[in-house]
Each structure stands twice: as C-alpha cells, then as structure tokens.
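Reading the structure
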Amino acid sequence: MHRNPDRPLSPHLTIWKWGPHMLVSILHRVTGAGLAVFGAAVLVWWLLAVADGPDAYAGFTGWATWKWALLFWVPLTWALWQHTLSGVRHFVMDVGAGYELSANKFWANMTILGALLLTALTWAWILWGRGP
Amino acid sequence: MTMETPLARVRGLGAAGAGAHHWWHERLTAIATLLLLVWLAVSLARLPDLGHATLSDWLRGPLAAAPMLLFVVATFWHLKLGLQVIVEDYVHDEGGKLFWIVLTNFAAILAAALALFAVLRIALTGEAG
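Okay, so let's go over this structure. Per-chain numbering applies: the sequence of each chain, read as written, is numbered from 1 onward. In the order they appear in the text, chains get letters beginning with A and ligands get numbers beginning with 1. For a predicted model such as this one, the threshold for reporting local features is a pLDDT of at least 70, and the threshold for listing and counting side-chain atom pairs is 80 or more; totals across whole chains, interfaces and linings nevertheless cover every residue. Computation of side-chain values: all heavy atoms of the structure, hydrogens and water removed.

**A closer look at the overall build of chain A**
- By the criteria applied, helices consist of DSSP H or I runs no shorter than four residues and strands consist of E runs no shorter than two, each listed in order from the N terminus. Broken down by element type, chain A carries 4 helices and 0 strands.
- Ordering the α and β elements of chain A from the N terminus gives α-α-α-α.
- A compact globule built from 132 residues would reach a C-alpha radius of gyration of about 14 Å, whereas chain A, at 20 Å, exceeds it by more than 25%.
- In terms of overall dimensions, chain A has C-alpha extents of about 60 × 40 × 30 Å along its principal axes.
- Burial classes: relative accessible area under 20% of the type maximum marks a residue as buried, over 50% as exposed, and values in between as partly exposed (1.4 Å probe, protein chains only). A buried classification covers 33% of the 132 residues belonging to chain A.
- The contact criterion used is simple: two residues touch if any of their non-hydrogen atoms lie within 4.5 Å. Counted over contacts in chain A with a minimum sequence separation of 6, partners at least 24 positions apart contribute 67%.
- Carbon together with sulfur atoms contributes 72% to the accessible area of chain A, which is approximately 8700 Å² in total.
- Charged residues are defined here as Lys and Arg on the positive side and Asp and Glu on the negative side; His and the ends of the chain fall outside this count. For the purpose of locating charges, the reference atoms are NZ of Lys, CZ of Arg, CG of Asp and CD of Glu. Distance between charge centroids for chain A: 12 Å, based on 8 positive and 5 negative side chains. Only the C-alpha atoms count toward the radius of gyration. The rule for a globule is 2.2 Å times the residue count to the power 0.38. Note on areas: these come from Shrake-Rupley sampling with a 1.4 Å probe, and a residue is covered only by the protein chains present in the view.

**Some remarks on the interface of chain B and chain A**
- Each partner contributes residues to the interface: chain B has 38 residues there, and chain A has 27 residues.
- Between arginine 27 of chain B and aspartate 94 of chain A there is a salt bridge, and its shortest N-O distance comes to 2.8 Å.
- Any pair of nitrogen or oxygen atoms within 3.5 Å is treated as a polar contact; in protein, a donor-acceptor pairing is required on top of that, and neighbouring residues in sequence qualify only through side-chain atoms on both sides. Along the contact surface separating chain B from chain A lie 6 residue pairs in polar contact (both at pLDDT 80 or more).
- Residue assignment for the side of chain B that touches chain A shows that the elements contributing at least two residues are helix 2 (20-46), helix 3 (52-60), helix 4 (62-90) and helix 5 (94-124) of chain B.
- Per element, the largest residue contribution to the side of chain B that touches chain A is 11 residues, and it comes from helix 4 of chain B.
- Of the residues in the side of chain B that touches chain A, the class split is 28 nonpolar, 6 polar and 4 charged. Between Lys or Arg on one side and Asp or Glu on the other, a salt bridge is scored when a side-chain nitrogen of the former is within 4 Å of a carboxyl oxygen of the latter. Think of it as three bins: nonpolar holds Ala, Val, Leu, Ile, Met, Phe, Trp, Tyr, Cys and Pro, charged holds Asp, Glu, Lys and Arg, and polar takes everything else, Gly as well.

**Comments concerning the side chain of serine 43 of chain B**
- If you trace the backbone, serine 43 of chain B turns up in helix 2.
- A polar atom in the side chain of serine 43 of chain B sits 2.7 Å from the backbone oxygen of tryptophan 39 of chain B.

**As for the nonpolar core**
- Among the nonpolar cores identified, the biggest contains 41 residues, and Trp46 and Leu47 of chain A together with Trp58, Met68 and Phe76 of chain B are the most heavily contacted of them.
- When residues of this core are traced back to their parent elements, those giving at least two are helix 1 (20-52), helix 2 (54-64) and helix 3 (70-94) of chain A together with helix 2, helix 3, helix 4 and helix 5 of chain B.
- In this view, tryptophan 58 of chain B contacts Trp39, Leu40, Ser43, Leu44, Leu47, Ala64 and Met68 of chain B; residues no more than four positions away in its chain are not counted. Here, nonpolar core refers to any group of buried Ala, Val, Leu, Ile, Met, Phe, Trp, Tyr and Cys residues whose side-chain atoms link them within 4.5 Å.

**Some remarks on the pattern of salt bridges**
- Applying the stated criterion to the full structure yields 5 salt bridges over all chains.
- Residues aspartate 89 of chain B and arginine 29 of chain A are paired through a salt bridge, measuring 2.8 Å at the closest nitrogen-oxygen approach. With aspartate 89 of chain B in helix 4 and arginine 29 of chain A in helix 1, the pair connects residues from two separate chains.
- Overall, the relative accessible area of 22% leaves arginine 29 of chain A in the partly exposed class.

**Here's the deal with helix 3 of chain B**
- All of the buried residues in helix 3 of chain B are His52, Thr54, Leu55, Ser56, Trp58 and Leu59 of chain B.
- Looking at the buried residues of helix 3 of chain B, the elements they touch are helix 1 and helix 2 of chain A together with helix 2, helix 4 and helix 5 of chain B.

**A few points about the packing of helix 1 of chain A against helix 5 of chain B**
- What counts as an axis is a line fitted to C-alpha atoms, over the stretch in contact for a helix, and the angles between N-to-C directions run from 0 to 180 degrees. Between helix 1 of chain A and helix 5 of chain B, the least distance of the axes is 8 Å, while the angle of their chain directions is 30°. By the angle between their directions, the pair helix 1 of chain A and helix 5 of chain B is classed as roughly parallel. In this structure, helix 1 of chain A crosses over helix 5 of chain B, and the sense of that crossing is left-handed. For the pair helix 1 of chain A and helix 5 of chain B, the contacting residues are Val44, Leu47, Leu48, Val50, Ala51 and Asp52 of chain A in the first and Ala111, Leu114, Ala115, Phe117, Ala118, Val119, Arg121 and Ile122 of chain B in the second.
- In terms of residue class, the contact of helix 1 of chain A with helix 5 of chain B is made up of 12 nonpolar, no polar and 2 charged. Each angle is binned into one of four classes, with values under 35 degrees roughly parallel, values over 145 roughly antiparallel, values of 65 to 115 roughly perpendicular, and all other values oblique. Should the near helix be turned anticlockwise from the far one by less than a right angle, the crossing is left-handed, and should it be turned clockwise, the crossing is right-handed.

**Quick look at the environment of glycine 82 of chain B**
- Assignment of secondary structure puts glycine 82 of chain B in helix 4.
- When the C-alpha positions of glycine 82 of chain B and tryptophan 23 of chain B are compared, they lie 9.5 Å apart, and in sequence the two are 59 residues distant.

In structure tokens form, the structure reads like this:
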C-alpha cells in the first residue's frame, strides 16, 4: 500500500479558522499522549516503590512532595481532567449528539473551562482541604 | 467490468488497515478506566494518610488489589490503543509506522507488566495487615 504523492491533499491546518472544537480535538490527543508517557510512568514508579518497601517509597514521596514537583503534578492533573472531559464529550458525539454548531462549540468550550476549574479545585483541596 | 463493490476495493486501505475493533476497544477501555479511576481517587482520598504502611495494608485487601489490577490493565490497554492511533496518523512510511507501533506496544505492555507485578507483590507478600 503506497500513498500516491500526486494525489491532491485536502487543504488542512492552513485554511481553517481555529475554533474551540479544533482546540479540544488536538488537546485530547496531546493530553492523552502526555498521560500515556508521564502519567503511566509515575503510576508504575508509585506502585513499584510501594512494593519495594518503605525506603523505596520514601524515595518516591521525597520527589513527589518536593515543591517543584508541582510543575509536574499540576499539568498532569489538568491533562487528566481535560482528557476525561473531552473523552466524555467524545462519548456524546459517538452516539451522534452534539454536532449542532452552537452546541458543539459550547461543549468544546465547557471542557476547556471545566478542566481548568476542576484542576484548580483539585489542588485547592489537596493543598488546603485535605492537608499534605 | 468488475463485480467488486466500491466498499470492497477500499476496505483495509486506511492508515491502520483495520479499525472497528480498535475503535470499540478504545471506548470500552475508556469507560473501564474512567470508572476505576473514580474508584482509585475515592479510595485514596478515604485513606487516613498515604504512607507506606497504610498503602500496603490497603493494597493487601482483595477489594483493593483486584480493582487496582483491573485499573492497570484498563489504563495500559487504553494507552496502547491511543498511542497506536497517533503513530498511524503521523508516521506515513510503512517501515517507520511498523517500527513505532511495535515500540509503543512493547513499551506499554512492559510498563503494564511492571505495574501488575508490583500490585501482586504487595498483595501476596509481606505480613498480612
């Protein structure tokens, strides 16, 4: 199977006016890839550290509770919320709903706003609600 | 004059060569991952602390170890499917595509095996809580 380079390609990124639905689409992919690499890595490390014993676990928590590790955890939390909300949006669209232009745009915007809001709430709860 | 339908001529010519089962499994694993993620978040939030003793005691229980194993399977299965679609979309030459698909699949399965091993080690060894 070969791609014929003489075949015309449909005009792609260059000619379309960007809208929230396009942003959510690529964010879904980017956050998915980020979670697949960084989220999965930290999940495996966490489980292996617990399995390995208190010393290994102290190594993990030492890094995880380091203040600059927030630069890892907060984006990861946002990616998880964004991917979850845009994933739920995918389920709705999979059954054929939500394609009307106004509804599509509204819910695309809501996944972006919702993910930012839920990330803020999650971290407010972790830092001040629950205690470290 | 061929009797072949247009559908028969294009079937299997997409970037992946197949697809419906991949698409469907991606949805199934998404639901499973989402439900188990809610379980994990609620469970961790209900623990008194996230220290080593608390976590390993908790993971020794069957109602924590079993869903955690399922969480690992669902998550890594979903992640493997998702990464493969990204490769199929962006890597256009057949050799490179095969290479990256094999690499991401192997990496996902290796990471899943490590995570499963860790959960089983916690659940099956050490003093019972």
